[in-house]
Amino acid sequence: MSNNDLTALVVDDSVVQANHAANLCRETGASVFSGHNGLEALEILRREQIDVALIDLEMPIMDGVELISQIASEKLVQHIIILSSKDASLISSVGTMAETEGLTVLSTIAKPISAEQIVYCFDSIRNVRSKSKPVEDHKESNYEPTFDEISKGIIEQHFFLNYQPKVTAKGLLFKGVEALARWDHPERGRVPPDTFIPAAEKYELIGTLTTTIFGQALSQKKEWRDRGLDLNLALNLSPLSLRNSDFADRLADFVQKRDVKTSELTLEVTENVLFGDLAKSLGILARLRLKGFNISIDDYGTGFSNAEQLSNIPATELKLDRSIISGISSRPKIRSIVENTLRIANDLKLKTVAEGVETKEDLSILLELGIDELQGYYFSRPLSSDLLLPWSEGELVRLREE
Ligand code: C2E
Ligand code: CA
Ligand code: CA
């Protein structure tokens, strides 16, 4: 793999640190410029086409914070990596500042930087480049709903939700559900979310659809409460929602007006929030977290992120994708991946949830590995709202006795 398509600038007043970072960049094949203070850096940035700048925060003459503001106002480079020997919270608040000024912060790193971190950041630049055109999902049919069909479906209330139970590993207690969207299409019958969610995103109808879905879910949650079921409600969020700066405020408002506590809700976001406008999405997630929402990293295991990147997401939960859960009992390599993942999650104090638990064998491995919560066909398929209570009083009781 070669990175010679990338040009990097290292800015650090310590010659030793600057050389260290520059060498690591060069080892990946990138062309590298170095500056030892902010003024030198600006001069280089105005002259050269730079893809990514690695910036030390503590420098004489012009410190990193001032340099970053200047870079943003002159739009000199899009991607930055923030380096510092100061504490993590300072580094990340500078990251947030850079985000609000429109830069993409690939990483905030406590020095010394490692080769692995450089490779990761550089790969993600290339990843964003190759993803600027979204990849089509592999779907069973080629049917793609139109703008008019989806709008009509929203107005005529053909979208609704099924809820899949989540249970605790300890005692198989019924603690929550994940809301999964469904569409009863008047001509085509049931259309799966893998088909209509990408289309709704493409036509910019996802915001309206999400509002419709969330509204339904919140009123159903209140019905369960009235029937004695206190359930955490997990909702899937499109990464596109995390591009609106006022999303956190609007959602918190929406939830409060409906008399539901944010702490009883979990927002599931996939780890590809790590790509694209990382800093902006992280800022919005941080605000959601501050408002009390739980944040789950969904589909974990299908993408590419390491512990360091994970630790940047203000999450409360890690949800392991069914591709690494299903069949775990007969796949020793996958088992050790899951084992490592659970260790990382524990270090980061994240609750762990396994999705796609289909068999008793898989379940017993997961219990042995120390997972916190479980979801999958072994327990239940997604159900309509009024079947949750009967399920918990019937099937679930039977499962506990197995
Ligand atoms: P997801 O978030 O990964 O949801 C889990 C999917 O796995 C669901 O498919 C669920 O029915 C299925 N599943 C659960 N347990 C098992 C199991 O044991 N075995 C197998 N084979 N499958 C299992 P579903 O409902 O078709 O949803 C597909 C995807 O559509 C979801 O994947 C999610 O990414 C998206 N989605 C669904 N509802 C919404 C929504 O309201 N908003 C957004 N933005 N996306 C949604
Ligand atoms: Ca999900
Ligand atoms: Ca999944």
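Up top you'll find the structure we're talking about.
Reading guide: rules and limits
Residues numbered from 1 in each chain as written. Chains lettered and ligands numbered in written order. Predicted model: local features only at pLDDT ≥ 70, side-chain atom pairs only at ≥ 80, totals over all residues. Heavy atoms only, no water. Helix = DSSP H or I, 4+ residues; strand = E, 2+ residues; numbered from the N terminus. Rg over C-alpha atoms; globule rule 2.2 N^0.38 Å. Buried < 20%, exposed > 50% of the residue type's maximum accessible area, 1.4 Å probe, protein only. Contact = heavy atoms within 4.5 Å. Areas by Shrake-Rupley, 256 points an atom, 1.4 Å probe, with all protein chains shown as cover. Lys, Arg positive; Asp, Glu negative; His and termini not counted. Charge placed at Lys NZ, Arg CZ, Asp CG, Glu CD. Donors = N, O, S within 2.8 Å, 3.2 Å for Na, K, Ca; no water. Pairing = 2+ DSSP bridges. Right-handed = clockwise from strand over helix to strand, strands pointing away.

Enquirer: Just to check I follow, could you spell out the overall build of the chain for this structure?
Expert: Helices and strands together make up the secondary structure of the chain, namely 16 helices and 14 strands. Radius of gyration (C-alpha) of the chain: 23 Å, near the 21 Å computed for a compact globule of 402 residues. A buried classification covers 51% of the 402 residues belonging to the chain. Sequence-distant contacts, at least 24 apart, represent 70% of the contacts inside the chain between residues at least 6 apart. Put simply, the chain shows about 18900 Å² of open surface, and 50% of that area lies on carbon and sulfur atoms. On the chain, the mean spot of the 44 positive side-chain charges and the mean spot of the 61 negative ones are 3 Å from each other.

Enquirer: Which parts of the structure should I look at to understand the coordination of the calcium ion (ligand 3)?
Expert: Think of it this way: four donors in a tetrahedron around the metal ideally sit 109.5 degrees apart, and six in an octahedron ideally sit 90 or 180 degrees apart. Coordination of the calcium ion (ligand 3) by the protein comes from Asp299 (OD), Asp321 (OD), Glu355 (OE) and Glu355 (OE), over a distance range of 2.2 to 2.9 Å. We note that the donor set of the calcium ion (ligand 3) lies within a single chain, spaced as D-x21-D-x33-E. In this structure the calcium ion (ligand 2) is found 5.5 Å away from the calcium ion (ligand 3). Taken together, the positions of aspartate 299 in strand S11 (residues 294–300) and glutamate 355 in the loop between strand S13 (351–354) and helix H14 (360–369) put the pair 56 residues apart, joining distant regions of the chain. Judged by its relative accessible area of 10%, glutamate 355 is buried.

Enquirer: Quick question: what am I supposed to make of the side chain of serine 385 here?
Expert: As for its position among the elements, serine 385 is in the loop between strand S14 (373–374) and helix H15 (388–393). Beyond its immediate sequence surroundings of up to four residues, serine 385 is in contact with Tyr163, Gln220 and Trp224.

Enquirer: Where do I start with the pairing of strand S9 (residues 232–236) in this structure?
Expert: For a regular strand, side-chain orientation follows a simple rule: the groups alternate between the two sheet faces. For S9, the buried fraction is high: four of the five residues fall into the buried class. Inspection of the sheet shows strand S7 (residues 174–185) paired to S9 by three bridges, in the parallel sense. Its bridge partner being in S9, glycine 176 is matched across the sheet by asparagine 232. Inspection of the sheet shows S9 paired to strand S10 (residues 265–270) by four bridges, in the parallel sense. Residue pairing across strands places leucine 235 opposite leucine 267, the latter belonging to S10. At this point the chain moves from S9, through helix H9 (residues 247–257), to the parallel S10, and the crossover so formed is right-handed.

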